[in-house]
Amino acid sequence: MRYPIAGALALALCIPAAPALAHHSMAMFDQTKTVTLSGTVKEFQWTNPHCYIQLMVKDASGKDVEWSLEMGAPMYLYAKGWRPSVLKAGMPIKVTINPLRNGDPGGVVLTATTADGKQIGRNLSRAVS
Amino acid sequence: MRTLPLLATVAVLAFAAIPAGAQRAAKIPARLPDWSGLWVPEGNDTAISGLPEAATEARAEGKTPPPGGFNRPLFGFGAPWNEEGKRRQAARQGETANCRAQGWGFPMLMNADAPIQFFVTRDKVMILNAYRDVTDVRMAAKHPSEDDLWPTVWGDSIGRWEGDTLVIDTIAVKNPHDYFHGAPPLSDKAHYVQRIRMDKPHHLVDDITIEDPTTLTGPWKAHLAFMPAEGFERMVYDNYDNDRTECGTDSGIAPPKDEQKSSG
């Protein structure tokens, strides 16, 4: 881990929130940071125990970087109007995420919209811009 | 007329030959409750993040999430743990980082943020969730004998009706925590009694009492409630084939599954 003390502290702070977990702890995601990514869907994995969006995002130098973006289980997405076919390879989208603490290109998806800003499914009870 | 005594004898013998559990069927109400449809536990609305809706909304706006998370009384933070129970709870707290789970098991299937459904028949009630966890309730008077018990992560359940209340008695549950890391670390000697009823239209309640001489100082009582699941047109069951978590780590998620295959 790159920041062992900060990481341990963050993990310790997350323990009281453990009841929020479902399949696994969410301590690996930095809930203090919200990052917005715009990219192109490489693959949408409609899978248990988590769905994943593999998103190709250009970094500052213009190089394509593949992000692994975790979501809830398919049943939760289904209840919010998502379907296995809702994202297709090549589709441009924009997501807000809590990134991985370890700096790897990954995170947990909080909201997702089409490139022109339309909410995909019902991310939340009310849309968050 | 000679046939009457014969028929009566046959009837008596036939009744006596019915297993004790099946005789219980006489107490089944003439009209069974209608609990059809899909139900979700109250207080567990889940966003696409897999996190509570309120927490996700706050995070998306860069705000501090509200305290508390899902409504999970069966995690056992308020249970009357004895010293062994406290030791197990403390150990559980240290193990939760990024652990895998194959489902919820019992009793957590009643407290998961997954929809459940009830199949109510005269001789059996089945409670089934989207993770394929099942409580198979026989309308029987007794559990199997000690020699015939088969402990599983879902246990052995028998039931009876008290009016419109379904009383489910469950034993022989393997330590739930061994199956789902968030479950209460009860022993396989735990005894669970659920009383499920519809207290008002479109609202089910489940009062559950757990006794476990190994881990609890006394009865642990919890109250659960269920409301109709919204957004589910049908129940879909799916297997687990994309678990990227690594128990014992807290740092990340494994590579995409296609990369795992190519590296393996």
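Here the structure is a predicted model, which is why all the values come from computation and not from measurement.

Trainee: Would you explain the overall build of chain B in this entry?
Mentor: Counting secondary structure elements, chain B contains six helices and nine strands. Buried residues in chain B amount to 36% of all 264 residues. Here the contacts in chain B between residues at least 6 apart in sequence split such that 58% fall between residues at least 24 apart.

Trainee: Help me understand the overall build of chain A, please; the structure alone is not making it clear to me.
Mentor: Within chain A, the regular secondary structure consists of two helices and five strands. Helices and strands appear in chain A in the N-to-C order α-β-β-β-α-β-β. When contacts within chain A are restricted to residue pairs at least 6 apart in sequence, those whose partners lie at least 24 apart make up 52%.

Trainee: Even after reading the chapter, I still don't get the sheet that holds strand β9 (residues 220-228) of chain B, so can you show me in this structure?
Mentor: Within a sheet, each strand pairs with its neighbour through backbone hydrogen bonds, oriented either parallel or antiparallel. Residues and elements named next belong to chain B. One closed barrel holds the nine strands; their spatial order is β1-β2-β3-β4-β5-β6-β7-β8-β9, and the pairing between them is mixed. In this sheet, adjacent strand axes meet at a mean angle of 30° when their direction is disregarded. Judged from the seven bridges that link them, strand β5 (residues 156-162) and strand β6 (residues 165-171) form a sheet pairing that is antiparallel. Note on β6: the bridge partner recorded for R160 is V167.

Trainee: Could you clarify how one ought to interpret the nonpolar core in this entry?
Mentor: Across soluble globular proteins, nonpolar side chains show a tendency to be buried alongside one another. Counting residues in each nonpolar core, the largest one holds 75 residues, and the members touching the most others are I53(A), L69(A), M71(A), V109(A) and I48(B). Here the element with the most residues in this core is helix α2 (residues 74-79) of chain A; it accounts for five residues. Once residues within four sequence positions are removed from consideration, I48(B) is found in contact with M71(A), G72(A), Y76(A), L77(A), K80(A), W82(A), V109(A), A112(A), G121(A) and N123(A).

Trainee: Teacher, can you tell me more about the confidence of the model for chain B here?
Mentor: For residues with low pLDDT, the predicted coordinates do not support detailed interpretation. Residues and elements named next belong to chain B. Considering every residue of chain B, the mean pLDDT works out to 83; 80% of them sit at 70 or more. Taken together, the stretch residues 10-26 has pLDDT below 50 and engages in 14 contacts with residues farther than four places along the chain or on a different chain. Quick note on the complex model: pTM equals 0.79, ipTM equals 0.77.

Trainee: What should I look at first to understand the confidence of the model for chain A in this one?
Mentor: For chain A, mean pLDDT is 81; residues scoring 70 or higher make up 76% of the total. A low-confidence stretch, residues 1-21 of chain A stays under pLDDT 50, and its non-local contacts, those more than four residues away or across chains, total 29 contacts.

Trainee: I'm lost on the sheet that holds strand β2 (residues 52-58) of chain A in this one. Help?
Mentor: Pairing is mixed around the closed barrel formed by five strands, whose spatial order is β1-β2-β3-β5-β4 (chain A). Strand-to-strand twist across the sheet, computed as the mean angle between neighbouring axes with direction ignored, equals 55°. In this structure, strand β4 (residues 92-99) of chain A lies alongside strand β5 (residues 106-114) of chain A, joined through seven bridges in antiparallel fashion. Looking at β5(A), one finds that I93(A) is bridged to T114(A). Of the strands in this sheet, β4 and β5 of chain A are in contact with helix α3 (residues 53-60) of chain B, which crosses β5(A) at around 85°.

Trainee: Would you mind going over the pairing of β4(A) with me for this structure?
Mentor: All names here are of chain A. Relative to β4, strand β1 (residues 35-45) is paired through six bridges, and the arrangement is antiparallel. Residue pairing across strands places V35 opposite I97, the latter belonging to β4. In sequence, β4 turns back onto β5 through a hairpin of six residues, with G103 there showing a positive phi of about 85°.

Trainee: Would you take a moment to explain the environment of P228(B) for this structure?
Mentor: Residues and elements named next belong to chain B. Tracing the chain through its elements places P228 in strand β9. We classify P228 as partly exposed; it has 13 C-beta atoms within 10 Å. As for P228 and G155, which are separated by 73 residues in sequence, their C-alpha atoms are 26 Å apart. With residues near it in sequence (within four places) discarded, P228 still touches G37, L38, W39 and H202.

Trainee: Honestly, the environment of N242(B) in this entry has me stumped. Any pointers?
Mentor: Mapped onto the elements of the fold, N242(B) is located in the loop between β9 and α6 (257-263). Through-space distance from the C-alpha of N242(B) to that of D169(B) is 35 Å; in sequence the pair is 73 residues apart.

Trainee: What should I look at first to understand the pairing of strand β3 (residues 64-70) of chain A in this one?
Mentor: Across a regular strand the side chains alternate sides, sitting on one face of the sheet and then on the other. Residue and element names in this part refer to chain A. Two strands pair when backbone bridges link them, and β2 and β3 are joined in this way by seven bridges, in the antiparallel orientation. Opposite L55, over in β3, you have W67 as the bridge partner. As consecutive antiparallel partners, β2 and β3 are separated by five residues, and within that stretch G62 has a phi angle of approximately 90°, a positive value. Across three bridges, the pairing between β3 and β5 is parallel. When the sheet's bridge partners are listed, E70 is paired in β5 with V108.

Trainee: Even after reading the chapter, I still don't get unusual backbone geometry, so can you show me in this structure?
Mentor: Leave glycine aside and you will find that most residues have negative phi; peptide bonds, for their part, are mostly trans. A cis amide bond links N48(A) to the next residue, P49(A), at an omega of 0°. If you trace the backbone, P49(A) turns up in the loop between β1 and β2. Cis geometry marks the peptide bond from F106(B) to P107(B), where omega comes out at 5°. Of note in this structure, R132(B) is not a glycine but carries a positive phi near 70°. As for its placement among the helices and strands, R132(B) is situated in the loop between β3 (124-129) and β4 (134-138). Given 15 C-beta atoms within a 10 Å radius, R132(B) is considered partly exposed. Of note in the backbone geometry, A172(B) takes a positive phi value of approximately 60° without being a glycine. Position of A172(B) relative to the elements: it lies in the loop between β6 and α5 (176-179).

Here is what the cut-offs are and how they apply
- Residues numbered from 1 in each chain as written.
- Chains lettered and ligands numbered in written order.
- Predicted model: local features only at pLDDT ≥ 70, side-chain atom pairs only at ≥ 80, totals over all residues.
- Helix = DSSP H or I, 4+ residues; strand = E, 2+ residues; numbered from the N terminus.
- Buried ≥ 20, exposed ≤ 12 C-beta atoms within 10 Å, placed from the backbone.
- Contact = placed C-beta atoms within 7 Å.
- Pairing = 2+ DSSP bridges.
- Axes fitted to C-alpha atoms, helices over the stretch in contact; angles between N-to-C directions.
- Core = buried A, V, L, I, M, F, W, Y, C linked by C-beta atoms within 7 Å.
- pLDDT = per-residue confidence, 0-100.

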